[in-house]
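The residues making up each chain are set out below.
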Amino acid sequence: MDFLSLFVIIPTITVFAIAVSKNYQQTRLIAAVGMGIQLILSIVLLFSYMALRKAGNTEEMLYAHSYMWFPALNIKYSIGVDGIAVAMIVLTSVIVFAGVFASWISVEKWQKEFFIFLILLATGVFGFFISLDMFTMFLFYELAVLPMYILIGIWGSGRKEYGAMKLTLMLMGGSALLLFGIIGIYYNSFDTFGNHTFDIIEISHNNLPLNVQLFFYPFIFVGFGVLGALFPLHTWSPDGHASAPTAVSMLHAGVLMKLGGYGILRVAMFLLPEAAQTTAWIFIILATIGVVYGAFGVIWQKDLKYINAYSSVSHVGLITFGLLMMNTTAMDGAVIQMISHGLMTALFFALIGMIYGRTHTRDITQMGGLMKVIPFLAVCYVIGGLASLGLPGFSGFVAEMTIFFGAFQHADAFRTVATILVASSIVVAAVYILRVIGILLFGPIKNAHFEELKDATWYERVSTVTLILAITIIGVAPFWLSDMIQVSLSPIVARLTSVF
Amino acid sequence: MIMNFEYVLLIILLPLLSFLITGLTGMKYKPIWSGIIGTVSLGLSFSLSWFTAIKYFFAYGKIDAQGVLGDTFLKLTPWNINWLQLSPTLHIDMGIMLDPISVMMLVVVTTVSLMAHIYSIGYMKGEDGFVRFFSFLSLFSFSMLGLVVATNLFQMYIFWELVGVSSYLLIGYYYQKPSAVSASKKAFIVTRFADLGFLVGILILSYFTQTFDFKELVSPEGPVLGHPITAMFMGTSVLVWSMILIFMGGAGKSAMFPLHIWLPDAMEGPTPVSALIHAATMVVAGVYLVARLIPVYAIQAPAALEVVGYVGAFSSLFAAIIATTQFDIKRVLAFSTMSQIGYMMVGLGMSGYGGHEGLGYMASMFHLFTHAMFKALLFLAAGAIIHAVHSNVMNEMGGLRKYLPITHITFLIATLTIAGVPGLSAFFSKDEILVAAYHHNKFIYYIQLFVAGLTAFYMFRLYFRVFWNTEPHYHHTPHESPLTMTIPLMFLAFMAIFSGYIPFHDLVTSDGKALETHAEYIVMIPAILVGFIGIGMAWVMYKKETDIPDKISQSLRGIYTTIYHKFYIDEVYMFITHRILFRGISQPIAWFDKHVIDGTLDGMGKTTELVSDRIKGLQSGQLQKYAFVFVTGVIILLLSVLYFAA
């Protein structure tokens, strides 16, 4: 029994416990307890990881274990974490925890099934982050993506069938590319015994031939890129999020979209470094377009969820952009941005759900003056907005600045211009965020019904305060996180830079 | 240890503490407590700042680490922590640096902030958001103090953004009023745009120097002054570009043309906010930024410093002209602020580094100090006037000297000061700027001289229209404000009169060494003269109600309207943002995304459906059909095999 497997086992137990629960009260209580334990466990993991590093443990992966699973194909259940994975695990448990509280009363039917699928999804995400074997990684990835279809299709709103279908099909398309790429790597890699292997660490000890790399890199990059809302494959995000229920949006935009960036980092770039360097310019152009395009795209939107979805396209584009700069600083920024955007967007979707639950509309032109009637939620929204536009003191600022400064370390004009273009998105972000805040929260109250709205309940407060606290902790004291990530990035950066 | 300056951290943290306490728990108790907490914490910061200033300037500022007394004020760093390591060489620190200008700014910020706090207890009494107001005021004070003591460019940028957001929150204090909401949005977005320039400037500078640290940046052996950057871009050194971009950030915060459009609108905020943020402290951050980097500007990027000088001169003229036509008293003061900051920028633009060359620098810092005092006074007094007559517009005022004696006297003192009447503080500081301009650039000198006259004119126009002239019918008899409001006025009036006697040339100079100055009558006398001409013209036109102003505006109709509409700069911005950015870029992008990108994907889905629809007929479930197809297939196959075999 190893420590890391607990992160898959506890959600699994929770799922079974929910399956035998008797009513909504029990269901959500079990979910909250299970995910609370998971949160505590992930914080324990964080501290013990940092303690081990401090004690001088320089192994690439800590808590590593490997079990043979399917010997014929040399598929292993192989797990281990570095600082990046630890950070992502903490992020996931914070968001799932907040998500459970955001669904405290808002699930209208089949609550038991809802929580089962929600936590199953989380299981997949946790599994993905602890995996070191591409096959199990892919397995968990699929486990995380599939429940989404059911969650949106059943518990969603609006054009839910369309949104669910579109999201699932696009992500499945990405999976297909990904699977092809993974198998390609498998057949071109050898472990110490000369067998083909899915093990990431073992593959990384040898360099794959350049033509193999160049052939398979685009499949893996684009495959993960779909999930990371890479332009022009981002359109599942607005429609999917618009119809998804609150907790699903939170989890999906908060964590699942980060699987894309994480996969690009861990599989595409780490295993195929030469191809990554050679083709970087294409994806830098796409990422830059995504950042600017997404930001401008928001201004014209009127639906709160579309607004957040497009701003996510812009912010997630920054992750890809940072990764593509391929130096420690920029990639560090990209990982912080994964966490930061995850927390911020989860906060937004939670708040949007809470506001929608009260006003029954997501059209900002129908609303106004909410600050007066629901001050707590409104203040949270303003905090989220300020964090999202990159105000110092919140995580977004740290992430963005690290990316910009990292990207600017390159001397070539191409990357310099791209960086300045990307940096200009922070002005556009200020425009769209303040516009929404101004219309939604400030000004006179437009609808007389809104006068009677009730402010946040205790479970809503738990949900939002947890997220805001996390955003602020990173924003005020980013050094520990940044150190932890930079150390873990060094093998990846070493492989990327040894190419030239 | 008495030489120790570590306690300065408290000056900054006390307002932060007060922000957190009032912000998180302010709703739990009576609102007045938030006012008291805020004021007391600022009061402590204020005392510590003055104590620090005295200690620094008169006792320990020149003593180095070995305990040797030199002739130069040193840059002390009592606190510095590594906040974020970006790369092995580049790191963001958070710390406290004490040098003459930061110590001076500590005094300015805490003094004006304390006055604004005390004043607000009276002014904001009974307001709905009393707690919120004080909480934000503390947040602002914290951010501004963090900005002035910054040890490095990036720390400055961080706090720069934080003062920006405090300003946003306070301008939008009356959030149910649409004009306040749009004003706050405008202020934030315009300064954010300017900050993009600032950020890119920092990016370029740090790429070449690999440091953010002020001490290193301005040290003679440092990466800028010691090893000049030779890289060029478009025929000009990249250093000049980066310094111009950094100045862009400063110009945005300091409301220099063409990034000034937010400042007049920012007057939507409560008046104490205008006094503190939009007159005395935040808007001079741009001046402070340039002053902070003056050795780099003066030695390595003189072209960028020239830009600073011309932008300052143009802005000061531009704003002064507009100020003569405005009727909202707070807007007149806002344009006056812009004009006076232009003066400070001119001072820096006309400055060199070291010795007598640095006269403009000293003058600029001197004017920053005196301006903070008299302009805060003008705003607070204007607040008292607005409080009394419930209007901002000078047409609804007149003859107020009888009703508001203390406000009247203090306002008069401030007006005389800004007009440059000999003996009062701004006379000395403005004079030094003119001297510096006179020796460097005659053209700018004449502009500034003219602006000095205009300043006297528009300020006395305001004064006469409000306190003399014809008395309108008041619904309620105006009454003098409570003591909480008049005490700050009196204190600031005292400062406005006497702060000119602080020996700035000994204390705050470009290189930290004392500077010899002497009166130059060739500059002083014309300056006094234009001041009195301005006052005289205002006297003739506005002391009693006359038809001269109307006649002038009638005869110059086109020009007058243009000026009254602030040269239509706002309309230009509206065109750019709404027509070009929103309708021209954003709307097409939204369309493109929905119809082209998404359309393609949906098209793929539709095509698949269509194809399957067409071929699904084959699987009909009818046995006869299957049998028919099967038999036909076998026959075709058989025939083709026979054919190919033969």
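Keep in mind that this is a model prediction, so the values were computed, not measured.

Caption draft 1: Spatial organisation of the overall build of chain B. When helices and strands are counted, chain B shows 25 helices and four strands. In terms of overall dimensions, chain B has a C-alpha envelope of 125 × 70 × 55 Å along the principal axes. Burial statistics for chain B: of 646 residues in total, 59% are counted as buried. Put simply, of all contacts in chain B between residues at least 6 apart along the chain, 79% involve residues at least 24 apart.

Caption draft 2: Highlighting the pairing of strand 1 (residues 76-85) of chain B. Residue and element names in this part refer to chain B. With seven bridges joining them, strand 1 and strand 2 (residues 91-98) adopt antiparallel strand pairing. Among the inter-strand pairings, W79 is bridged to a residue of strand 2, identified as I96. What sits between the antiparallel neighbours strand 1 and strand 2 is a turn of five residues.

Caption draft 3: Summary view of the nonpolar core. In terms of nonpolar packing, the biggest core is built from 433 residues, with M269(A), Y381(A) and L153(B) touching the most fellow members. It is helix 15 (residues 359-389) of chain B that provides the largest number of residues to this core, a total of 23 residues. With sequence-adjacent residues up to four places away left out, L153(B) is seen in contact with F198(B), I202(B), L205(B), F212(B), F214(B), L217(B), I246(B), L289(B) and L293(B).

Caption draft 4: The arrangement of the interface of chain B and chain A in detail. The partner chain A presents 55 residues to the 48 residues of chain B that form the contact. Taken over both partners, the interface formed by chain B and chain A buries close to 4,600 Å², and the fraction arising from carbon and sulfur atoms is 72%. On the chain B side of the contact with chain A, W83(B), Y175(B) and R192(B) bury the most area, a combined 14% of that side's loss. Note that K372(A) is salt-bridged to D128(B), the shortest N-O span being 3.0 Å. Across the contact surface, chain B and chain A share 17 residue pairs in polar contact (both at pLDDT 80 or more). Listing elements by their share of the side of chain B that touches chain A, those giving two or more residues are strand 1, helix 5 (153-171), helix 6 (178-209) and helix 24 (569-615) of chain B. Among the elements that line the side of chain B that touches chain A, the one with the most residues is helix 6 of chain B, at 15 residues.

Caption draft 5: The packing of aromatic side chains, seen in detail. Residues and elements named next belong to chain B. Taken as a whole and judged by the stated rule, the model has 82 aromatic pairs over all chains. The interplanar angle of 55° and the centroid separation of 6.3 Å between the aromatic rings of F327 and Y564 together place this pair among those described as tilted. Linking F327 in the loop between helix 13 (302-323) and helix 14 (329-349) with Y564 in helix 23 (residues 557-564), this pair joins segments that are 237 residues apart in sequence. Judged by its relative accessible area of 23%, F327 falls in the partly exposed class. Residue classification places Y564 among the partly exposed residues on the basis of a relative accessible area of 33%.

Procedures and definitions
Residues numbered from 1 in each chain as written. Chains lettered and ligands numbered in written order. Predicted model: local features only at pLDDT ≥ 70, side-chain atom pairs only at ≥ 80, totals over all residues. Heavy atoms only, no water. Helix = DSSP H or I, 4+ residues; strand = E, 2+ residues; numbered from the N terminus. Buried < 20%, exposed > 50% of the residue type's maximum accessible area, 1.4 Å probe, protein only. Contact = heavy atoms within 4.5 Å. Pairing = 2+ DSSP bridges. Core = buried A, V, L, I, M, F, W, Y, C linked by side-chain atoms within 4.5 Å. Buried area = accessible area lost by both parts, 1.4 Å probe. Salt bridge = Lys/Arg side-chain N within 4 Å of Asp/Glu carboxyl O. Polar contact = N/O pair within 3.5 Å; in protein donor to acceptor, adjacent residues only side chain to side chain. Phe/Tyr/Trp six-rings, centres within 6.5 Å; stacked < 30°, edge-to-face > 60°.

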